[in-house]
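Residue-level listing of the chains:
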Amino acid sequence: MRILGIDPGSRQTGFGLIDAEGNRMRHVHSGFLRIQGEDFPARLRAIFLGIRELMQDYAPEAVAIEQVFVSRNADSALKLGQARGAAICGALQAEVPVAEYSPREVKQALVGRGGAAKEQVQHMVGLLLGLSAPLQADQADALAIAICHHHVSATLGRIPGAAGARGGRLR
């Protein structure tokens with residue numbers, strides 16, 4: 001299964017594609033969309049188009065995206081939510097299911113602790129995918145989200161009647 005992980009942001013949106021089968025995972029492509037300009041609607045359009053292009057070029061079978069976390073700055077949280085919406089719409093246009101994971105769930109799936117440091121997550125992403133070069137933070141987060149989705153999907157696949165379910169979070 002090819003999975004696209006997305007770490008949304010209104011200025012920089014990370015993405016990571018992996019191929020996963022059983023216990024094996026392979027890094028396909030990753031990076032980030034750098035969103036330029038002060039016109040917020042134009043930035044949302046750039047996120048939408050960037051994700052749509054990734055969907056067309058790499059044909060993932062599933063998409064996983066990070067949920068919005070509550071921020072002290074309401075304006076930042078709203079912008080992040082809108083960036084997520086643009087990314088989700090870009091993915092859904094290809095009629096591919098989208099799953100959402102909290103930062104805590106992603107850390108738990110990769111490191112075993114929901115309160116793990118970003119550096120620990122980055123290290124585990126590199127280890128699990130056999131990457132030697134250091135990863136940019138948004139890129140590593142997006143790959144971590146894709147890996148988390150693979151782990152959750154594999155676990156649910158072993159539970160009778162649970163395949164395809166994700167706590168109501170699949171879109």
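In what follows, the accompanying structure is described.

Reading the values: the criteria
Residues numbered from 1 in each chain as written. Predicted model: local features only at pLDDT ≥ 70, side-chain atom pairs only at ≥ 80, totals over all residues. Heavy atoms only, no water. Helix = DSSP H or I, 4+ residues; strand = E, 2+ residues; numbered from the N terminus. Buried < 20%, exposed > 50% of the residue type's maximum accessible area, 1.4 Å probe, protein only. Contact = heavy atoms within 4.5 Å. Pairing = 2+ DSSP bridges. Axes fitted to C-alpha atoms, helices over the stretch in contact; angles between N-to-C directions. Left-handed = near helix turned anticlockwise from the far one by under 90°. Nonpolar A, V, L, I, M, F, W, Y, C, P; charged D, E, K, R; others polar.

We now examine the environment of Leu-128. Relative to the assigned elements, Leu-128 resides in helix α4 (residues 118-129). Of the residues examined, Leu-128 reaches a relative accessible area of 31% and is grouped as partly exposed. Discounting residues that sit within four places of it in the chain, Leu-128 has contacts with Met-25, Leu-110 and Ile-147.

Here we come to the sheet that holds strand β4 (residues 62-66). Taking strand neighbours across the sheet as the criterion, the 5 strands line up as β3-β2-β1-β4-β5 in an open arrangement whose pairing is mixed. The open sheet is flanked by β3 (24-34) and β5 (98-101), the only strands paired with a single partner. Pairs of neighbouring strands in the sheet enclose a mean axial angle of 20 degrees, with direction left out of account. Pairing of strand β2 (residues 12-21) with β3 involves 10 bridges; the strand directions are antiparallel. Counterpart to Gly-14 in the pairing with β3 is Phe-32.

Below, the discussion takes up the side chain of Glu-66. Here Glu-66 lies in strand β4. If we skip the residues at most four places from it in the chain, Glu-66 touches Ile-6, Asp-7, Pro-8, Arg-84, Tyr-101, Pro-103 and Ile-145.

This part is about unusual backbone geometry. Non-glycine residue Ala-59 carries a positive phi angle of around 45 degrees. Along the chain, Ala-59 turns up in the loop between α1 (40-58) and β4. Looking at Ala-59, the relative accessible area reads 53%, which means it is exposed. Residues other than glycine seldom take positive phi values, yet Glu-95 does so here, at roughly 55 degrees. Mapped onto the secondary structure, Glu-95 falls in the loop between α2 (74-92) and β5.

What follows deals with the packing of α1 against α2. Running from N to C, α1 and α2 cross one another at 35 degrees; their axes reach a closest spacing of 7 Å. Here the hand of the crossing between α1 and α2 comes out right-handed. Contact residues: Phe-40, Leu-44, Ile-47, Phe-48, Ile-51, Arg-52 and Met-55 in α1; Lys-79, Gln-82, Ala-83, Ala-86, Ala-87, Cys-89, Gly-90 and Ala-91 in α2. Per-class residue counts for the contact of α1 with α2 are 11 nonpolar, 2 polar and 2 charged.

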